[in-house]
Amino acid sequence: MKKIILLLVSVMFIASAPDASAQKWLKKLGKAAEEILLTPGSSSSSRSGRTSSARAVTTGVGNATITNNVPGVDITLRSVERINANTVQINMVFMNTTSKTLTLYQANRYGGFFSADGDEYSEGDLVIGSNFNHFVTIWSSGYNSCNLPSDVPVKAAIIVKNVPQKTFTFSMLKLIPAEHSGGGAEYPIEIRNLTVPEQAVQTFKGTWEKTEKNGDYGEVSAIIDINLYAKSIESMTGDFCYGTISVVTSGARILYSYDITEVKSINGNVATVICNDDRNDNTFTATLTYKPETNTICFDDDLCISRK
């Protein structure tokens, strides 16, 4: 209604202008007002619940586009990756371009995740913050919130579970942040045509364990727990590393334990790693060899475990 009134006022000024030069100037003014008022996203959000629709823009991530209706916040799509065989993580950065902290709330209705094959995925989260603190569970009814400080890039990710391992495309991922915890204006975010790559074979990821009888200790278990593609394994000191190699007794006595602190190279089924022995403050280079015919992994050929 405000747009209509302002445009009518401009037209009335043009019609009543006393001379040609004034009419020409007022026409320019009316045209400028029209461009400002009719630009998508330029209008203020309706308190009753909807925003004007922004334009979809390319992202540089394949053929994906993003439509962002959150006022004062720039959203950049960075990448899409698999964090395991059936879970996808879509990485973004939120930037609050205003001069004050903004708070976003979960809307009282969900968005949705849809594939180009017509499938809908009901398990997903939006997490915001450097530590990926929980923000929105897409299908829940709570009113979670997050604060975006002014002029600070903040990591965000959409995590979608139970997706196929094959290459597929999200036709749409839709999130609906809101202005207030009780509702108010909604600011839909849509990502379209986002292709997820096929699950790659990750040879050096998993747990191999073998238990044998031992005359001195009863039972002894040898455990190789590794993920040479990310520091996701908790070490004996509580830090995260690429893996641990340990031998423990049934009474939980640790006979030895090494942390893999660095991955030097992975060439086919052979990986070269740097290990640390906290007990002796010793660092050394070791080789992990995977034998696919028996699903066996060997640590320096001294410890070989077949995973069943």
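Procedures and definitions
- Residues numbered from 1 in each chain as written.
- Predicted model: local features only at pLDDT ≥ 70, side-chain atom pairs only at ≥ 80, totals over all residues.
- Heavy atoms only, no water.
- Helix = DSSP H or I, 4+ residues; strand = E, 2+ residues; numbered from the N terminus.
- Buried < 20%, exposed > 50% of the residue type's maximum accessible area, 1.4 Å probe, protein only.
- Contact = heavy atoms within 4.5 Å.
- Areas by Shrake-Rupley, 256 points an atom, 1.4 Å probe, with all protein chains shown as cover.
- Polar contact = N/O pair within 3.5 Å; in protein donor to acceptor, adjacent residues only side chain to side chain.
- Phe/Tyr/Trp six-rings, centres within 6.5 Å; stacked < 30°, edge-to-face > 60°.
- Core = buried A, V, L, I, M, F, W, Y, C linked by side-chain atoms within 4.5 Å.
- Disulfide = S-S within 2.5 Å.
- pLDDT = per-residue confidence, 0-100.
- Pairing = 2+ DSSP bridges.

Asker: Please provide a residue-by-residue account of the overall build of the protein, values included.
Answerer: Summing up its helical and strand segments, the protein has two helices and 25 strands in all. Buried positions account for 38% of the 308 residues belonging to the protein. Within the protein, contacts between residues separated by at least 24 positions form 52% of all contacts whose residues are at least 6 apart in sequence. For the protein, the exposed area adds up to about 17200 Å²; of that, 50% sits on carbon and sulfur atoms.

Asker: Give a description of the side chain of Thr296 that names residues and reports values.
Answerer: With respect to the helices, strands and loops of the structure, Thr296 is situated in strand β24 (residues 296-299). Looking at Thr296, its side chain comes within polar contact range of the side chain of Ser306, at 2.6 Å. Ignoring any residue separated from it by four or fewer positions in sequence, one finds Thr296 in contact with Thr289, Tyr290, Lys291, Cys304, Ile305 and Ser306.

Asker: How would you summarise the packing of aromatic side chains if you had to cite specific residues and measurements?
Answerer: Each aromatic ring pair is specified by the distance between its two centres and by the angle formed by the two planes. Enumeration according to the criterion identifies seven aromatic pairs in this entry. Taken together, a centroid distance of 6.4 Å and an interplanar angle of 65° make the contact between Trp208 and Tyr290 edge-to-face. Of the two residues, Trp208 is situated in strand β16 (residues 205-214) and Tyr290 in strand β23 (residues 282-291); the sequence distance between them amounts to 82 residues. Measuring from ring centre to ring centre gives 5.1 Å for Tyr258 and Phe284, while their planes differ by 85°; the resulting arrangement is edge-to-face. Note that Tyr258 is positioned in strand β21 (residues 254-267) and Phe284 in strand β23, a separation of 26 residues in sequence. Classification of Tyr258 as buried rests on a relative accessible area of 16%.

Asker: An account of the nonpolar core is requested, with residue identities and associated values reported.
Answerer: If you look at the biggest cluster of nonpolar residues, it comprises 35 residues, and the most contacted ones within it are Ile90, Ile158, Phe170 and Leu194. Secondary-structure elements contributing two or more residues to this core are β3 (73-84), β4 (87-96), β5 (102-106), β8 (124-128), β10 (145-148), β11 (153-161), β12 (168-175) and β15 (189-196). Not counting residues up to four positions away in its chain, the partners in contact with Leu194 are Val61, Ala64, Leu77, Val80, Ile90, Phe168, Thr169, Phe170 and Leu173. Among the nonpolar cores identified, the runner-up in size contains 22 residues, and Ala222, Tyr242, Tyr258 and Phe299 belong to it.

Asker: An account of the side chain of Asn276 is needed here, citing residue identities and associated values.
Answerer: Within the secondary structure, Asn276 sits in strand β22 (residues 270-277). Among the polar contacts listed, one links the side chain of Asn276 to the side chain of Thr283, at a separation of 3.2 Å. Look past the residues within four positions of Asn276 in its chain and what remains in contact with it is Ser257, Tyr258, Asp259, Thr261, Asn282 and Thr283.

Asker: Describe the state of the cysteines, listing the residues and the values that go with them.
Answerer: Working definition: the covalent bond between the sulfur atoms of two cysteines is a disulfide. For the structure on display, the rule yields one disulfide. For Cys298, the disulfide goes to Cys304, at an S-S distance of 2.1 Å. With the S-S bond torsion at 115°, the cross-link from Cys298 to Cys304 turns out right-handed. Residue Cys298 is classed as buried on the basis of its relative accessible area of 1%. Since its relative accessible area comes to 29%, Cys304 is described here as partly exposed.

Asker: Residue-level account of the confidence of the model for the protein, with values.
Answerer: Looking at the protein, pLDDT values average 76 and 75% of them are 70 or higher. Segment residues 131-142 is flagged for pLDDT under 50; beyond a separation of four residues in sequence, or across chains, it makes 44 contacts in the model.

Asker: Account for the pairing of β24, with residues named and values stated.
Answerer: The alternating pattern of β24 places Thr296 and Cys298 on one face and Ile297 and Phe299 on the opposite face, and all of these are buried. Here β23 pairs with β24 via four bridges, running antiparallel. Bridging across to β24, Tyr290 finds its partner in Ile297. Where β24 and strand β25 (residues 303-306) come together, four bridges link them in antiparallel fashion. Its bridge partner being in β25, Phe299 is matched across the sheet by Leu303.

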